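# A closer look at the structure
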Amino acid sequence: MGFIRLAPICRALAFCLVIVVAGCSTSDPLRPKGRIIPISASESRFDFPVSTLASPGRFNLYTSDKGDYLEETAQWTGKTFKDGEAGLLLSEAKAGPPLADPTDPAASFKLWPLLRGKTPTLGKLQQTQNTLGRVDWQRAAIGTSACVLFIQRWAGDASITDGSRYATLSGYYCNPPGETLSAQAAENVVKALGLRDSPKRQ
């Protein structure tokens, strides 16, 4: 588990870059055949109450045809210079590693098209607890923004995830451009992250 799985990261990148049409089938050769659909905020499992994020975010759900892989993404992009930005990716698998399975917060940086063309200056790796368990996180200076990258991983605990045995939840949050992000503020962001019970989706 001490290495970066390049193929899963490529799959996640492709997922983030897909132009979503309701009910479309995936054509990515690196991921199992399945469907990607946009979902509403109320249909999403993410609970991420951070006041600087412009609402609403954009939410997508991928499900493989065999039902053995599921991925949900959320993205908030700033609409004004006062808005923060964030992205979340929950990747679940019934057996074996999820499709997106970065090993640490720094590796998860590559999953986000809005970030990967930039060079982050990374701070010290930290750990804390939120309602989901242990979360690893790092502050990062990215362009003119101060950010935090974070990741949580589970194996064998289907009570946390949507009935899956293995799951990885990764993401980032960036303060509005030019605003600092203290260590305490970064920790408060990762502590705010949670998952709701599976809602009824349309």
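Residues numbered from 1 in each chain as written. Predicted model: local features only at pLDDT ≥ 70, side-chain atom pairs only at ≥ 80, totals over all residues. Heavy atoms only, no water.

Here we come to the overall build of the protein. When helices and strands are counted, the protein shows four helices and 12 strands. Looking at the protein residue by residue over its 202 residues, the buried ones come to 49%. Considering only residue pairs separated by 6 or more positions, the protein has 59% of its internal contacts joining residues 24 or more positions apart. Entry remark: accessible area of the protein is about 9700 Å², with carbon and sulfur atoms responsible for 54%. (Helix = DSSP H or I, 4+ residues; strand = E, 2+ residues; numbered from the N terminus. Buried < 20%, exposed > 50% of the residue type's maximum accessible area, 1.4 Å probe, protein only. Contact = heavy atoms within 4.5 Å. Areas by Shrake-Rupley, 256 points an atom, 1.4 Å probe, with all protein chains shown as cover.)

With that out of the way, let us pick up the side chain of T168. With respect to the secondary-structure elements, T168 resides in strand 11 (residues 166-174). On the basis of relative accessible area, T168 is assigned to the buried category, the value being 1%. A polar atom in the side chain of T168 sits 2.7 Å from the side chain of D101. Discounting chain neighbours no more than four positions away, the residues touching T168 are L89, L90, S91, P98, A100, D101, P102, I151, Q152 and R153. (Polar contact = N/O pair within 3.5 Å; in protein donor to acceptor, adjacent residues only side chain to side chain.)

Now for the packing of aromatic side chains. Going through the model one piece at a time under the given rule, you end up with four aromatic pairs. By way of ring pairs, the aromatic residues F48, F59, W76 and F150 are connected into one cluster. (Phe/Tyr/Trp six-rings, centres within 6.5 Å; stacked < 30°, edge-to-face > 60°.)

What follows covers the pairing of strand 5 (residues 69-76). The element strand 5 is largely enclosed, with a buried count of eight among its eight residues. Here strand 5 shows a buried face lined by Y69, E71, T73 and Q75 and a second buried face lined by L70, E72, A74 and W76. Of the pairings in the sheet, the one linking strand 4 (residues 58-64) to strand 5 comprises six bridges and is antiparallel in character. Bridge pairing links Y62 to E71 in strand 5. The antiparallel hairpin formed by strand 4 and strand 5 contains four residues in its connecting segment, where G67 sits at a positive phi of about 80°. In this sheet, strand 6 (residues 85-93) lies alongside strand 5 in antiparallel orientation, the contact comprising eight bridges. Note on strand 6: the bridge partner recorded for A74 is L88. (Pairing = 2+ DSSP bridges.)

We now examine helix 4 (residues 183-192). Within helix 4, the full set of buried residues consists of A186, E187, V189 and V190. Each buried residue of helix 4 sits inside an arc of 155° when the element is viewed along its axis, so together they form one side. Packing partners of the buried residues in helix 4 comprise strand 8 (126-130), strand 9 (133-142), strand 10 (145-155) and strand 11. (Arc of directions from axis to C-beta.)

A separate point is the pattern of salt bridges. Inspection of every chain in the model, using the stated rule, returns three salt bridges. Ionic pairing is found between E92 and R45, a salt bridge with its closest N-O pair at 3.5 Å. A residue pair is termed long-range when its members are at least 10 positions apart, and E92 in strand 6 and R45 in the loop between strand 2 (34-39) and strand 3 (46-47) qualify at 47 residues. In this structure, R134 and D136 form a salt bridge, with 3.2 Å as the shortest nitrogen-oxygen distance. (Salt bridge = Lys/Arg side-chain N within 4 Å of Asp/Glu carboxyl O.)

Attention shifts here to the environment of K94. Inspection of the secondary structure assignment puts K94 in the loop between strand 6 and helix 2 (105-108). Between the C-alpha atom of K94 and that of G67, which follows or precedes it by 27 residues, the distance is 8.2 Å.

Within the fold, G133 resides in strand 9. For G133, a relative accessible area of 19% gives the class buried. Distance in space between the C-alpha atoms of G133 and R153 is 9.1 Å, their sequence separation being 20 residues. Aside from chain neighbours lying at most four places away, what touches G133 is T128 and Q152.

Attention now goes to the confidence of the model for the protein. The share of residues in the protein with pLDDT of 70 or more is 79%, and the mean pLDDT across the chain is 82. Contacts from residues 1-24, a stretch scored under 50 in pLDDT, to residues over four places away or in other chains number 60 contacts. (pLDDT = per-residue confidence, 0-100.)

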